[in-house]
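# Summary of the model geometry
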Amino acid sequence: MSSTDPPSQVQTLVIGAGAVGCSVAYHLTELGAEDVAVIDQGPLPVTGGSSVHAPGIMFQTSPSKLQTKTAHYTSRLFADAGVYDEVGGIEVARSERRMAFLRRREEWATSYGLPDPQLLSPAEVTESLPMVNEEEILGGYYSPTDGRVDGIGALQWYIEHSDAAFYGNTTVEDLEVAGGEIRAAVTDRGRIECDRCVMATNNWGYQTGQLAGLDLPIAPVEHQYVVTEPLPELSEFDSSVGEHTTGLDVPGDRSIQEYMSQGPTRPVGRDQDHSLYFRTHGDALGMGSYNHETLSVDPEEMGTNSEDRQASVRGFTEEHWTEPTHRHRDKSAKQAFDELLPASADASYEATENGIFVFTPDGMPAVGPTAAVDGLWSALAIWWTHSGGYGRILAEWMENGVPRLPSGPVDTGGIHVRRFEPHAGEKEYFVDRGATRYEQVYMVVDPRWQPDDHRGLRTSPFYHQQQELGAEFYQSGGWESPQYYEHNADLLERYEDQIPEQDGWQAINRSPIEGAEHLHTREHVSMFDMTTFSSIEVSGDGARAFLQRMCSNDIDIDVGQVRYSLLLNEGGTILADVTVVKLDEEEYVVTTGGGNSPGIHGGWLAEHAPDTVSVQIQEGGRSTIGLWGPKSRLLLQRCTDADVTNSGFPYFRAKQMYVGEVPVLALRVSYVGELGWELWAPVEYGQRLWETLWEAGQDLDVRPMGGGALSSMRLEKGYRLWGTDIDTDSNPFEAGLPFAVDMDTDFVGKEALAQAREAGIDNRITPLTLDDSTDIMLSGRPVMKDGEAIGYVQAGNYGYTLGESIAYTYVPDEYAEAGTSVTVQCEGQRYDATIRDEPLFDPGRDKIIR
């Protein structure tokens, strides 16, 4: 439904009438939301944003489950709406490295439920894409439900089938925020009061956020597209170019919209070896390129539509088409296309553009409620491919409190707008990182790849000691976190028989020193830098009652007691796992992981806290060492007058004490399955804390330990990692965490969890081990039974203590029994495996409780 005069007041206002804004509005009204309005600065439906200059190609398969699921939902939505050409999609390989990547594509598609993914021979590729030069390719990957969305047609369909009201030619000039809440949007056509506001402005996302005082890391970038003259090789196909936009208000060059509205008659194609994609436009050929240097656009200078051009389109730069300017590609776009599609070599171009779209620093969307402004929601950095799915997810989140698709709840940790680090909103930083993501968009990126710019932003007090010990730093949440230490290379000789060699993709950016650190910690004592982990101080009148409401477990505990618990959303799925420490009556510390935890999990607690309760997120405010291993008690006792015996300091207890001169909050907990403590100290004491423990433990062979060893040790013990094994996809019973739930208490998500338990737990997490291989299994790879995918690898590593390769997976209940034989498909190989009981390591907890 569309109207002409914007209202002065609505319940929900969506800014942006492109692919995402229209999707959000449509899904909100489908879920029963009333009084929803959508505004856009451009005319409707051809707004001038990226939605109308895009060729609409939809390739669904991604390493990300969520990206794959949202893409498939989007394709089904548009197919049902009659605005989708389901011609299939073929990605070709022009190198062995790319062919190996296409095998991964098939494995991801199998894991995530895409229909009938196939690997093709060169002849099979050219049978469907006869314009492709068969001599140039090694094979291809085919997804039959890939295709192309008619952008303008889809926007018109949304407008016609939604109960929301749509208003074009309405420019937002300001967002009014008062008392930390969104109040109104001020436009050139009047002020619109609203209770909720969704920013779906994509290319203008940074500018829109600025109106509300937010620094959203949304980086606009140009990329190129051309459409040829009619080709003899396509003469059998009709074209309606010149008739598609009749009667529509089209800013700028109408020919772009005409050609983009002409659908394909053959599968859409990609040549990612050269950062290219292509499709037919009736009797013409369209070719797109990321194969040029990054052309970043100042996020504050996006501009508006004019008679000469659409706001999201820049003039075509010939040199970026004909010259090799991409630093990782040795051929220009034109040269690579001439070789792959020889029929295009001498063709002239009927339409050309440098179209603009956006990237975040990690290349993923920015979705969800903003932290600083209540009622202000983000739906940014989303492409046509995923727009229907993310519109549904956000609408469910807004209306029902649980982000989900019809297939079930989804994990939002990797797309939540609150995941970004405090520095991520600095313009130079996110523009540079967006440029890197642009470069990588069609590249094969190595596992555990690390950036080389903007490093050293966040370091722990132990950083200089770690450098001296040869730390190999990985960047996580902006922090420099050691993955392993060259200092420990001498351990390789000691443990060489227990560290199997890894080959191929699994071996990239992985060091055998990680295994040596694992084994050393099991036998001696190690120090792990936990400064990136978060502590949240909760205090004040009603703190206990508040935490009891927020935590799934009973936290009516004694002073000095520690309890493991979960934070659930209203749908009963896992928002976070936390450790709750009671320091005093109405005074607690809640600890959780690093990365995006402070913004997402700390923010969740803060926004639900009553006025009498203080929630202080100590991100970087404490320096923390995990002291773990069978000799950890001996080392710690040397440094403190406190009693750290098993009777004097039992498991899951806490003490405020001194380590040397350093005041610490000591927690007797261990994330590696060994005797040990977490030692939390004010950050200014961190360096002295490290020195005290290090010097006192030299005769005990104390060693530094990195994240690689942590990963394999926690997997042996079966400890969960939020965002990997547990997330908002799963509930505690599916995740094997019933001990973290007390159904006799009242907590957020209890009703939904009770309903799920009553309905029966159909899937549950379980470990498996490979029967006759030491290869490490990679996440996202399918777990098969009788030729059918029954799950996929959530996390995998080698269990150096057990001498077995371990993977964790969720499988249907009937396959979760220990002893069940399955296979894992990884890197084109099938591995025999067996479902096992957990924990695999130290089931009696003899190592921890002693």
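Residues numbered from 1 in each chain as written. Predicted model: local features only at pLDDT ≥ 70, side-chain atom pairs only at ≥ 80, totals over all residues. Heavy atoms only, no water.

### Focus: the pairing of strand 42 (residues 829–835)
This is how the line gets drawn: Should DSSP find at least two bridges between two strands, the strands are regarded as paired. Numbering of helices and strands runs from the N terminus, with a helix taken as a DSSP run of H or I at least four residues long and a strand as a DSSP run of E at least two residues long.
Bridging between strand 37 (residues 763–770) and strand 42 involves three bridges; their strand directions are antiparallel. By the bridge assignment, Leu 770 is partnered in strand 42 with Ala 833. Relative to strand 42, strand 41 (residues 821–826) is paired through six bridges, and the arrangement is antiparallel. Opposite Thr 823, over in strand 42, you have Asp 832 as the bridge partner.

### What to know about the sheet that holds strand 34 (residues 662–667)
The condition is simple: Orientation is described by lines fitted to C-alpha atoms, with helices fitted over the stretch in contact, and by angles between N-to-C directions that extend from 0 to 180 degrees. We call two residues contacting when some pair of their heavy atoms lies within 4.5 Å.
Pairing in this open sheet of six strands is mixed, and the strands run 33-34-35-32-26-36 from one edge to the other. On the outer flanks of this sheet lie strand 33 (654–659) and strand 36 (703–705), each paired with one strand and no other. Within the sheet, the average angular offset between the axes of one strand and its neighbour, ignoring direction, is 30 degrees. Across the face of the sheet, helix 19 (residues 686–696) comes into contact with strand 26 (526–529), strand 32 (622–628), strand 33, strand 34, strand 35 (676–682) and strand 36 while running at roughly 20 degrees to strand 32.

### Section: the state of the cysteines
Going by this rule: Put simply, a disulfide is two cysteine sulfurs that come within 2.5 Å. Burial classification: accessible surface area is computed with a 1.4 Å probe over protein chains only, and a residue below 20% of its type maximum counts as buried, one above 50% as exposed, and the rest as partly exposed.
Across all of its chains, the model carries zero disulfides by this definition. With no disulfide partner, Cys 22 has as its closest neighbouring cysteine sulfur the one in Cys 197, 15 Å distant. Among the residues examined, Cys 22 registers a relative accessible area of 0% and is labelled buried.

### A look at the packing of helix 1 (residues 19–30) against helix 6 (residues 151–161)
This is how the line gets drawn: By definition in this entry, angles of less than 35 degrees are roughly parallel, angles greater than 145 are roughly antiparallel, angles of 65 to 115 are roughly perpendicular, and the rest are oblique. By definition, turning the near helix anticlockwise from the far helix through less than a right angle yields a left-handed crossing, and turning it clockwise yields a right-handed one. Only Asp, Glu, Lys and Arg are considered charged in this grouping, and only Ala, Val, Leu, Ile, Met, Phe, Trp, Tyr, Cys and Pro are considered nonpolar; every other residue, Gly among them, is considered polar.
Contact geometry of helix 1 with helix 6 gives a least axis separation of 9 Å together with a crossing angle of 30 degrees. One finds that helix 1 runs roughly parallel with respect to helix 6. The crossing of helix 1 and helix 6 is left-handed. The residues of helix 6 that touch helix 1, namely those facing Ala 19, Cys 22, Ser 23, Tyr 26 and Glu 30, are Leu 155, Trp 157, Tyr 158 and His 161. By residue class, the composition of the contact of helix 1 with helix 6 is six nonpolar, two polar and one charged.

### As for the packing of aromatic side chains
Note the threshold: The rule is short: rings of Phe, Tyr and Trp, with Trp giving its six-membered ring, pair when the centres are within 6.5 Å, and they are stacked under 30 degrees, edge-to-face over 60, tilted in between. Both a distance and an angle decide whether a charge sits over a ring: NZ of Lys or CZ of Arg must be within 6 Å of the ring centre and within 35 degrees of the ring normal.
Counted by the stated rule, this structure contains 32 aromatic pairs. Taking the centre distance of 5.6 Å and the plane angle of 75 degrees together, the rings of Phe 101 and Trp 108 count as edge-to-face. The residues Phe 101 and Trp 108 share a single accessibility class, namely buried. Aromatic pair Phe 357 and Phe 359: ring centres 5.1 Å apart, planes at 65 degrees, arrangement edge-to-face. For Phe 359, a relative accessible area of 5% translates into the label buried. Members of the aromatic cluster, connected to one another through ring pairs, are Tyr 225, Tyr 277, Tyr 290, Phe 357, Phe 359, Trp 383, Tyr 438 and Tyr 442. Lying across the ring of Trp 505, Arg 104 places its NZ or CZ 3.6 Å from the centre. The cationic tip of Arg 522 hangs over the ring face of Phe 841; the distance from NZ or CZ to the ring centre is 3.9 Å.

### So, the sheet that holds strand 8 (residues 147–149)
Read from one edge to the other, the open sheet built from three strands follows the order 3-8-4, with strand pairing classed as antiparallel. Among the strands making up the open sheet, the edge pair consists of strand 3 (57–58) and strand 4 (84–85). Relative to strand 8, strand 4 runs antiparallel, the two sharing two bridges. Residue pairing across strands places Tyr 84 opposite Val 149, the latter belonging to strand 8.

### Let's talk about unusual backbone geometry
Omega for the peptide link from Leu 44 to Pro 45 comes to 0 degrees, which places this bond in the cis form. Tracing the sequence through the fold places Pro 45 in the loop between strand 2 (36–39) and helix 2 (50–53). Residue Phe 652 is not a glycine yet carries a positive backbone phi of 60 degrees. Tracing the sequence through the fold places Phe 652 in the loop between helix 18 (632–638) and strand 33.

### Overview of helix 12 (residues 427–440)
The cut-off we apply is this: Expected span of a helix, by definition, is 1.5 Å for each gap between consecutive residues, and there is one gap fewer than residues.
A rise of 1.5 Å per residue sets the reference length of helix 12, with its 14 residues, at 20 Å; its end C-alpha atoms lie 20 Å apart and thus fit the reference within 8%. In terms of burial, helix 12 is a largely internal element, 10 of the 14 residues being buried. The set of residues buried in helix 12 consists of Tyr 429, Phe 430, Val 431, Arg 433, Gly 434, Ala 435, Thr 436, Tyr 438, Glu 439 and Gln 440.

### Notes on the packing of helix 1 against helix 11 (residues 384–400)
In the contact formed by helix 1 and helix 11, the axes pass within 8 Å of each other and the chain directions differ by 40 degrees. Taken together, the axes of helix 1 and helix 11 lie oblique to each other. Every pair of crossing elements has a handedness; the one defined by helix 1 and helix 11 is right-handed. Residues Ala 19, Val 20, Ser 23, Val 24, His 27 and Leu 28 of helix 1 lie in contact with helix 11, whose contacting residues are Trp 384, Ser 387, Gly 388, Gly 391, Arg 392, Leu 394, Ala 395, Met 398 and Glu 399.

### A look at the environment of Arg 105
Here is the rule we go by: We define a polar contact as two N or O atoms separated by no more than 3.5 Å, with the added condition that, inside protein, one atom must be a possible hydrogen donor and the other a possible acceptor, whereas residues neighbouring each other in sequence contribute only through side-chain atom pairs.
Within the element layout of this structure, Arg 105 appears in helix 4 (residues 96–112). Residues Arg 105 and Tyr 485 lie 380 residues apart in sequence; the distance between their C-alpha atoms is 33 Å. Sequence-distant contacts of Arg 105, that is, excluding residues within four places in its chain, are made with Thr 61, Ser 62, Pro 63, Glu 91, Tyr 141, Arg 270 and Gln 272. A polar side-chain atom of Arg 105 sits 3.2 Å from a polar atom in the side chain of Gln 272.

### A closer look at the side chain of Gln 224
By the secondary structure assignment, Gln 224 is in strand 13 (residues 219–228). Judged by its relative accessible area of 0%, Gln 224 falls in the buried class. Within the local environment of Gln 224, its side chain forms a polar contact with the backbone oxygen of Thr 317, the two atoms lying 2.9 Å apart. Other than its neighbours up to four places away in sequence, Gln 224 contacts Tyr 277, Met 287, Gly 288, Ser 289, His 292, Phe 316, Thr 317, His 320, Trp 321, Glu 353 and Asn 354.

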